[in-house]
Amino acid sequence: MVVKIVPEPVKLKTTDKFFYFDGFSNFPEFLSKEFNIPKGTWTIKKIEREGTGLKICDKTVEIWGNENICYATLIQIIKQTKTKLPELLVEEKFTFKFRGFHLDIARGGVPKVETFKRILRWLFLLKYNYFAIYFEDLFPWEKYPQIGAKRGKLSVEEWREVVEYGKNLGIEVFPSLELAGHMEHILTLPEFRKYSEWHRPAEGCLNVADDEAREFAFSLLEEALEKTESKYIHIGGDETWAMGRGRSLDKTRIYEGPKLYADYHSELIKRVKRKNKIPVMWGDMLLGKSVREEEKELWRSVLENPIWSKALMANWDYSPSPKEYFIEKIRVFKEKGYRQIVCPGFSNWNRYYPDFDVALVNIKNFTEAAKEEKVEGFMVTAWGDDGEECLFSFLEPLLLITMEYAEGSGEWEEKWLALTGESLEALEARKLFGKKEVSEYIKPVLFKAVSEVKDLPVYTTWKEVLKKLEKTVLPPDLAFIKRCLEVGLRKVEGRATVMEFLELASIYSDLWLSERKPEGLERIVARFWSAASQLDLEKKLSRK
């Protein structure tokens, strides 16, 4: 039996010898409980030795260096070998000090506490050490209890429980806030509409030229700082294109978006530093991403502001671009002497299943560029634009892939099978569903009119996928995706029924509720019911 370890260690030396394993007498109590490690006669022996690693001998496991890494590796081995342990030596070394995952919970589904814990256990096992939760309006602010109240916001107790659970696993959990852009769920509340940059608050940008609006945002930050144990807090800063174009422009008649951005975020950074914490902020605006050509020079001057050296730049890009593109992107901040982490993405947004074709290229090339440029870390992102339909369970293989690409050999398939016990057929289904022709088109095929989707060049691929999986028994989440393909094909062929769409709504609801709070589900269910009504109407009209 060949043991698999994520990420691939720098040294893995084994023999053909195995020892009977009945459990440990001194395994850490918390880890023993959470990972079902039995009590027994084996002992953990901590020794002094350079680096990080472990050595398995009969009845004894010697560990040295980073204990969290050692225990994660040992648990990985136990998951594979069960009641026997191999004689082996493992030595591990990591390129990146910051190994993070950033999860959007604001655009559709708030995880239950048990789901957060499941995610954290998986992150621990894969050797991540940071977990950022993207809140928008869902942070447990006590000063403004109305914010997020109808959208399933975390309670103070839930937040503390998640943070504490992460701490017990050696993972720092910190909030990812939005204090300038993406504030629509706050600014559309009646009492906060006056703080909006635009007269249409749903656009989501704060009017940072207004003293009262700024003080409101500062109060949000101050309370979040008080409730954050990590040394990091994410202050947002992305996609603030509307800044300086609304009420602030009405006031001066001069476009000052870049200056407003710099002044406001400088103050946010100073407030975080006064609490002895490190502000993280998105880097897109400073890089001039998607800004008007005539305004790029203004943003270049803002990039020179030395205040950015006080923050950790989250340099995001989700494109399947070549490594050279990402190297160039990294060097913009590197040449200024600014700290940064790279932020690839799972391409899971606005769809029911991640686009593996895009995500894997993006993750591989961005992390390889980061290694070459000696960036201090990565924070892979999962977003939930337009309802967060993609189940959290579908992200688990991508978390493994990211760690293996970033710190290992990149060979992930066998390691996924070894750690999960999943069948090869189910893994094949995951990869097939991740093809662009499948993942990108499930949503439009199900919810757009037949006339708009009947000529899409994807249906041959769908039929091939279904044929390959014809006899495969799939777990419920993957079975749902398979059923989506079947119903989608029947729809464009004119054979789908109203009940099939209602069935999909019911199946999806059960999956959602197994991992999330109920808030937000109604939006997703409404789409299936709307599609059923549309189908019924089309059939009636075709008979006339």
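The rules behind these values
Residues numbered from 1 in each chain as written. Predicted model: local features only at pLDDT ≥ 70, side-chain atom pairs only at ≥ 80, totals over all residues. Heavy atoms only, no water. Helix = DSSP H or I, 4+ residues; strand = E, 2+ residues; numbered from the N terminus. Rg over C-alpha atoms; globule rule 2.2 N^0.38 Å. Buried < 20%, exposed > 50% of the residue type's maximum accessible area, 1.4 Å probe, protein only. Contact = heavy atoms within 4.5 Å. Polar contact = N/O pair within 3.5 Å; in protein donor to acceptor, adjacent residues only side chain to side chain.

### A short note on the overall build of the protein chain
Argument step 1. When helices and strands are counted, the protein chain shows 21 helices and 13 strands.
Argument step 2. At 25 Å, the protein chain has a C-alpha radius of gyration in line with the 24 Å of a compact globule built from 544 residues.
Argument step 3. Taken along the three principal axes of its C-alpha coordinates, the protein chain extends 75 × 70 × 45 Å.
Argument step 4. Burial status across the protein chain gives 59% buried among its 544 residues.
Argument step 5. Intrachain contacts of the protein chain at a sequence separation of at least 6 include 74% that bridge at least 24 residues.

### So, the side chain of arginine 271
Argument step 1. Tracing the backbone through its elements, the reader meets arginine 271 in helix 8 (residues 257-274).
Argument step 2. One polar contact links arginine 271 to glutamate 267, side chain to side chain, over a distance of 2.8 Å.
Argument step 3. Among residues more than four places away in sequence, those in contact with arginine 271 are Glu215, Phe218, Leu221, Glu222 and Leu225.

### Quick word on unusual backbone geometry
Argument step 1. Of the consecutive residues valine 6 and proline 7, the connecting peptide bond is found in the cis state with omega at -10°.
Argument step 2. The residue proline 7 is located in the segment before strand 1 (11-20) in this model.
Argument step 3. Non-glycine residue lysine 59 carries a positive phi angle of around 75°.
Argument step 4. Judged by relative accessible area, which is 34%, lysine 59 ranks as partly exposed.
Argument step 5. Phi at lysine 127 is positive, roughly 80°, even though this residue is not glycine.
Argument step 6. With respect to the helices, strands and loops of the structure, lysine 127 is situated in the loop between helix 3 (113-126) and strand 7 (130-134).
Argument step 7. Owing to a relative accessible area of 1%, lysine 127 belongs among the buried residues under this scheme.

Without other data, these values stay purely geometric and don't point to any function.
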